[in-house]
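What follows is each chain in one-letter form.
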Amino acid sequence: MAHHIVDVRHVPGKLNVIADGLSQQWEGQPRDTGIDDGSAWTVSEDWEASSGLINDLLLTEPATQPESVSDLQKRFADEPVFLEVVESILEMDSKKSLRDRKRAKHRASQYLIEDGKLWRLRGGTTVRARSRVECVTKEEAKQLA
């Protein structure tokens, strides 16, 4: 069904008579207390404490270390596409125009930096899972071939 949606438009308030009628169909009717539909639930401000939940902090650290960032920039200095992707992932392209940043962000959506390496995710738009591929420079590709 999602592939056949042609146009979606917002119909404000009372002009949307179908939705308005559905939302008000049970208004003023006696409530059946035997049905547990959750409509009588209330929100308690101290529900976390009463249920034993404790607010805890989660410490995160950057996925890439600064030395690996500079290594990637040096490694892909002669590869403009990969360098653009690395800078976009690490948000180091703030001096570029908005158009260039958007294009780089779109291109970088298919890439990942992990363990100091740049990986291209091979999934694309297909639903079938595919492996990732490590990005290498032209010189490294010649040595591997």
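Keep in mind it's a predicted model, so treat the numbers as computed, not measured. (Residues numbered from 1 in each chain as written. Predicted model: local features only at pLDDT ≥ 70, side-chain atom pairs only at ≥ 80, totals over all residues. Heavy atoms only, no water.)

A. Main features of the pattern of salt bridges. Inspection of the entire model under this criterion finds seven salt bridges. The residue E114 makes a salt bridge to R132 at a minimum N-O spacing of 2.8 Å. Residue E114 is found in strand 1 (residues 111–114), and its partner R132 is found in strand 3 (residues 132–134); the two are separated by 18 residues along the sequence. Judged by its relative accessible area of 31%, E114 falls in the partly exposed class. Note on R132: relative accessible area 33%, which makes it partly exposed. Here the residues in one salt-bridge network are E84, D100, R103 and R107, joined through shared partners. (Salt bridge = Lys/Arg side-chain N within 4 Å of Asp/Glu carboxyl O. Helix = DSSP H or I, 4+ residues; strand = E, 2+ residues; numbered from the N terminus. Buried < 20%, exposed > 50% of the residue type's maximum accessible area, 1.4 Å probe, protein only.)

B. Looking closely at the packing of aromatic side chains. All told, the structure shown has two aromatic pairs when counted by the stated rule. Consider the rings of F76 and F82, whose centres lie 5.2 Å apart with planes at 65 degrees: the pair is edge-to-face. Ring geometry for F82 and Y111: centres 6.3 Å apart, planes at 70 degrees, overall edge-to-face. Within this pair, whereas F82 is found in helix 4 (residues 80–89), its partner Y111 is found in strand 1, the two being separated by 29 residues in sequence. Overall, F82 belongs to the buried group, its relative accessible area being 17%. Site record: aromatic cluster; members linked through ring pairs are F76, F82 and Y111. The side chain of R132 reaches across the aromatic face of W119, ending 4.2 Å from its centre. (Phe/Tyr/Trp six-rings, centres within 6.5 Å; stacked < 30°, edge-to-face > 60°. Lys NZ or Arg CZ within 6 Å of the ring centre and 35° of its normal.)

C. Quick peek at the side chain of T137. Tracing the sequence through the fold places T137 in the loop between strand 3 and helix 6 (138–144). Overall, the relative accessible area of 6% leaves T137 in the buried class. In contact with T137, other than residues within four places in its own chain, are R75, F76 and E79. (Contact = heavy atoms within 4.5 Å.)

D. Fine view of the sheet that holds strand 1. As summarised here, the arrangement of the three strands in space is 1-2-3, forming an open sheet in which the pairing is antiparallel. A strand with exactly one partner marks an edge of an open sheet, and here the two such strands are strand 1 and strand 3. In this sheet, adjacent strand axes meet at a mean angle of 35 degrees when their direction is disregarded. Of the strand pairs in this sheet, strand 2 (residues 117–121) and strand 3 are connected by three bridges, and their pairing is antiparallel. By the bridge assignment, R120 is partnered in strand 3 with V133. Across the sheet, helix 4 lies against strand 1 and strand 2, angled at about 70 degrees from strand 1, the strand it touches most. (Pairing = 2+ DSSP bridges. Axes fitted to C-alpha atoms, helices over the stretch in contact; angles between N-to-C directions.)

E. Structural view of the pairing of strand 1. Every second residue of strand 1 is oriented toward a common face, the buried set being Y111 and I113 and the non-buried set L112 and E114. Looking at chain direction, strand 1 and strand 2 are connected through four bridges and run antiparallel. Of the residues in strand 2, the one forming a bridge with E114 is K117.

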